[in-house]
Amino acid sequence: VKRPKHAVLVATQIIEQSLDIDFDLMVTEMAPVDLLLQRAGRMHRHKRDNRSTNFVGRPPVLWICQPDEAKGVPDFGRGTEAVYDYHILLRSWLEIKDKSVLEIPEHVEALIEAIYDNRECPDQVSTEVKKKWKESRENLEHDKADYESKANANRILPPDMDTDDLLEAFNKSLEEDNP
């Protein structure tokens, strides 16, 4: 297959997985840092003619669009916030907003840990950002507890479970007359 000299692809987040494709330049909206790193992994995946630069003579470039801000608090947009949890977006944004370069694989572990560990809000952020951090973290923890509750109600019990009433133990919502 002959590759076009230049092409522009507009895509959703589906582009970050399951496609054997590479890019010289990528522009993306904010996403959780692990997914930004996944997208960055689409840069110069394939060797072509000993290529070390992109079509404008530079190394591959990933541009991350800055969200709008009100009083220092980012607004990632309805679409992005419908797909990704706000707290994870906020933590990702705080971690990368002042960085001009992300090096892979050197920065990967520290970035992932900074987003998904249990650390508190950084002290150097504004009161408004601290308030949004607390609110979004509480929402995330509430959602996580809700998902865990639903998972426990629908889980498959271990095969060696010692119970006389395995059917009801498996699904407490079954009515006695409709097993």
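Residues numbered from 1 in each chain as written. Predicted model: local features only at pLDDT ≥ 70, side-chain atom pairs only at ≥ 80, totals over all residues. Heavy atoms only, no water.

What to know about the nonpolar core
Phase 1: Counting 23 residues, the largest nonpolar core has Met 30, Phe 76, Leu 90, Trp 93, Leu 94, Ile 96 and Val 129 as its most contacted members.
Phase 2: Of all the secondary-structure elements, those providing two or more residues to this core are helix H1 (33-40), helix H3 (86-96), helix H4 (108-116) and helix H5 (127-154).
Phase 3: Of all the elements, H3 adds the most residues to this core, at seven residues.
Phase 4: When sequence neighbours within four positions are dropped, the list of residues in contact with Val 129 reads Gly 72, Val 73, Leu 90 and Leu 94. (Core = buried A, V, L, I, M, F, W, Y, C linked by side-chain atoms within 4.5 Å. Buried < 20%, exposed > 50% of the residue type's maximum accessible area, 1.4 Å probe, protein only. Helix = DSSP H or I, 4+ residues; strand = E, 2+ residues; numbered from the N terminus. Contact = heavy atoms within 4.5 Å.)

As for H1
Phase 1: In terms of residue burial, H1 counts as a mostly covered element, since six of its eight residues are buried.
Phase 2: Residues Val 33, Leu 35, Leu 36, Leu 37, Arg 39 and Ala 40 constitute the buried set of H1.
Phase 3: In the core, the buried residues of H1 are packed alongside strand E1 (25-28), strand E2 (61-64), H3 and H4.

Re the packing of H3 against H5
Phase 1: In contact at an axis separation of 8 Å, H3 and H5 are set at 140 degrees when each is read in the N-to-C sense. By the angle between their axes, H3 is oblique relative to H5. Contact residues: H3 offers Tyr 86, His 87, Ile 88, Leu 90, Arg 91 and Leu 94, while H5 offers Val 129, Lys 132, Trp 133, Ser 136, Arg 137 and Leu 140.
Phase 2: Looking at the contact of H3 with H5 residue by residue, the class counts come to seven nonpolar, two polar and three charged. (Axes fitted to C-alpha atoms, helices over the stretch in contact; angles between N-to-C directions. Parallel < 35°, antiparallel > 145°, perpendicular 65-115°, else oblique. Nonpolar A, V, L, I, M, F, W, Y, C, P; charged D, E, K, R; others polar.)

Regarding the pattern of salt bridges
Phase 1: Applying the stated criterion across every chain, the model contains nine salt bridges.
Phase 2: Of the charged contacts, one joins Asp 117 and Arg 119 as a salt bridge, the two residues approaching to 2.7 Å between their closest N and O atoms.
Phase 3: Residue class for Asp 117 comes out partly exposed when judged on its relative accessible area of 25%.
Phase 4: For Arg 137, the salt bridge identified is with Glu 141, shortest N-O distance 3.4 Å. In this pair, Arg 137 and Glu 141 are both assigned in helix H5, four residues apart and thus about one turn of the helix distant.
Phase 5: Accessibility expressed as a relative area gives 14% for Arg 137, which makes it buried.
Phase 6: Residue Glu 141 is classed as partly exposed on the basis of its relative accessible area, which comes to 47%.
Phase 7: Several salt bridges converge on common partners, so that one network encompasses Arg 91, Asp 117 and Arg 119. (Salt bridge = Lys/Arg side-chain N within 4 Å of Asp/Glu carboxyl O.)

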